[in-house]
Amino acid sequence: MIRLPRLHFASLCGALAWLALPVHAVQAQDTIRLLVGFAPGGSVDTAARGLAEAWHEATGDAIVVENRPGAGGRLAIDGVLREPADGHTVILMPSESVTLFPHVYHDLPFDPMADLVPVAPVADYTFALAAGPAVAADTLDGYLNWARSEQGGTAYATPGAGTAMHFAGFLLGEAAGIDAVHTPYRGGALALNDVLGGHVPVLWSALPAAVGPHRDGRLRLLAHTGAQRLDSLPDVPTFAELGFPQLQLRESFSVFARAGTADADLDALRQAVTTALTSSTLSALLEKLEMMPASMSPDEFAAQLQRGYESWGETVSNSGYTPQN
């Protein structure tokens, strides 16, 4: 078993034993607050509301989704940490908020690796590189050839500095030998608009956010960071199959609680999430969002987070990125 002392994962022992616990170990028909660090209507919020409905149907608990957008999700994390560690306030967020944030922000008021405890992953997703009207390439190879011919480098847009998409662009530039110039925006919508307007040639995005513009012809997905092609996007290759295995990146929207939450409460929360993920309605919603239901034992989840933490630390260091406040 892989141990992660900084993550308070002593509570995660017994990878399968928690499956046998009663769903209502926290307390029957409780009210659970599920915080989301992003505005209503986005993919995280949509996934959270689908999870809340399936959770309620599985347990009878009232699951109240609370949006606390701002600071890349950090306001919602702070909100969880201000509540008692009793299992009644949890957060759904990208796992990179735990694995990447400590390497990007040196003045966080909390340590997500120490102050949060993982409950369960909910949905996996990947990232994608998409071309807009400023570049004529329809393939990754075509884009890279064009980028190499550009004097002074070529820009790529992302939802913000210090995000996984920022460093995915760095990894591609380093591996492909192009001068990739990061152009961060304050959110994915602004980045997408400038790429669609021809102001920046390409966009690095979470795949779900780029699928719609790809299907209606406004963007062209060049590749995504998954392990294999998706049935819903058979024409979009993976970076790995195109010769860039270092760009096999997967993240997840996952539920976390405040560290110090009792083992029995964590076990109940895990079973509730696991049961919710068997909902056909939730599975259909995640499929529509180009996400895949995630399922793994607590030990596997802990190990995945630790690998992500170490990998992002190396990438951020190699990029020369200066951590922000």
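Residues numbered from 1 in each chain as written. Predicted model: local features only at pLDDT ≥ 70, side-chain atom pairs only at ≥ 80, totals over all residues. Heavy atoms only, no water.

## What to know about the overall build of the protein chain
In plain terms, the rule: Each helix is a run of H or I in the DSSP string that is no shorter than four residues. Each strand is a run of E no shorter than two, and both are numbered from the N terminus. In this setup the radius of gyration rests on C-alpha atoms only. A globule is expected at 2.2 Å times the number of residues raised to 0.38. Exposure categories follow from relative accessible area, calculated using a 1.4 Å probe and restricted to protein chains: below 20% of the type maximum is buried, above 50% is exposed, and the middle band is partly exposed. Contacts: residue pairs with any heavy atoms within 4.5 Å of one another. Every accessible area reported is derived by Shrake-Rupley at a probe size of 1.4 Å, with residue values counting cover from the shown protein chains alone.
Each helix and strand in the protein chain was counted, giving 12 helices and 11 strands. Relative to its length of 325 residues, the protein chain is compact, with a C-alpha radius of gyration of 20 Å against a globular reference of 20 Å. Dimensions of the protein chain along its principal axes, counting C-alpha atoms only, are 60 × 40 × 35 Å. Across the 325 residues in the protein chain, those meeting the buried criterion constitute 55%. Residue pairs in contact within the protein chain that sit at least 24 positions apart in sequence constitute 79% of those at least 6 positions apart. When the accessible surface of the protein chain is summed, it comes to about 13,500 Å², and 51% of that surface belongs to carbon and sulfur atoms.

## Re the packing of aromatic side chains
Applied cut-off: Stacked, tilted and edge-to-face are the three classes applied to pairs of Phe, Tyr and Trp rings, where Trp contributes its six-membered ring and a pair requires centres within 6.5 Å; stacked means planes under 30 degrees apart, edge-to-face means over 60, and tilted covers the rest.
Considering all chains together, one arrives at 8 aromatic pairs under this definition. Ring centres 5.3 Å apart and planes at 15° place the aromatic pair tryptophan 204 and phenylalanine 239 in the stacked group. A residue pair is termed long-range when its members are at least 10 positions apart, and tryptophan 204 in strand β8 (residues 202-206) and phenylalanine 239 in the loop between β9 (220-224) and β10 (251-258) qualify at 35 residues. Judged by relative accessible area, phenylalanine 239 falls into the buried class, the value being 0%. Taken together, a centroid distance of 6.1 Å and an interplanar angle of 50° make the contact between phenylalanine 256 and phenylalanine 301 tilted.

## Here's the deal with helix α1 (residues 43-59)
Rules: Any helix carries an expected span of 1.5 Å times its number of residues minus one.
With 17 residues, α1 extends 24 Å from end C-alpha to end C-alpha; this agrees with the ideal 24 Å at 1.5 Å per step. Along α1, the residues that are buried comprise Val44, Asp45, Ala47, Ala48, Gly50, Leu51, Ala52, Ala54, Trp55 and Thr59. Glycine 60 sits one or two residues past α1 and shows a positive phi near 85°.

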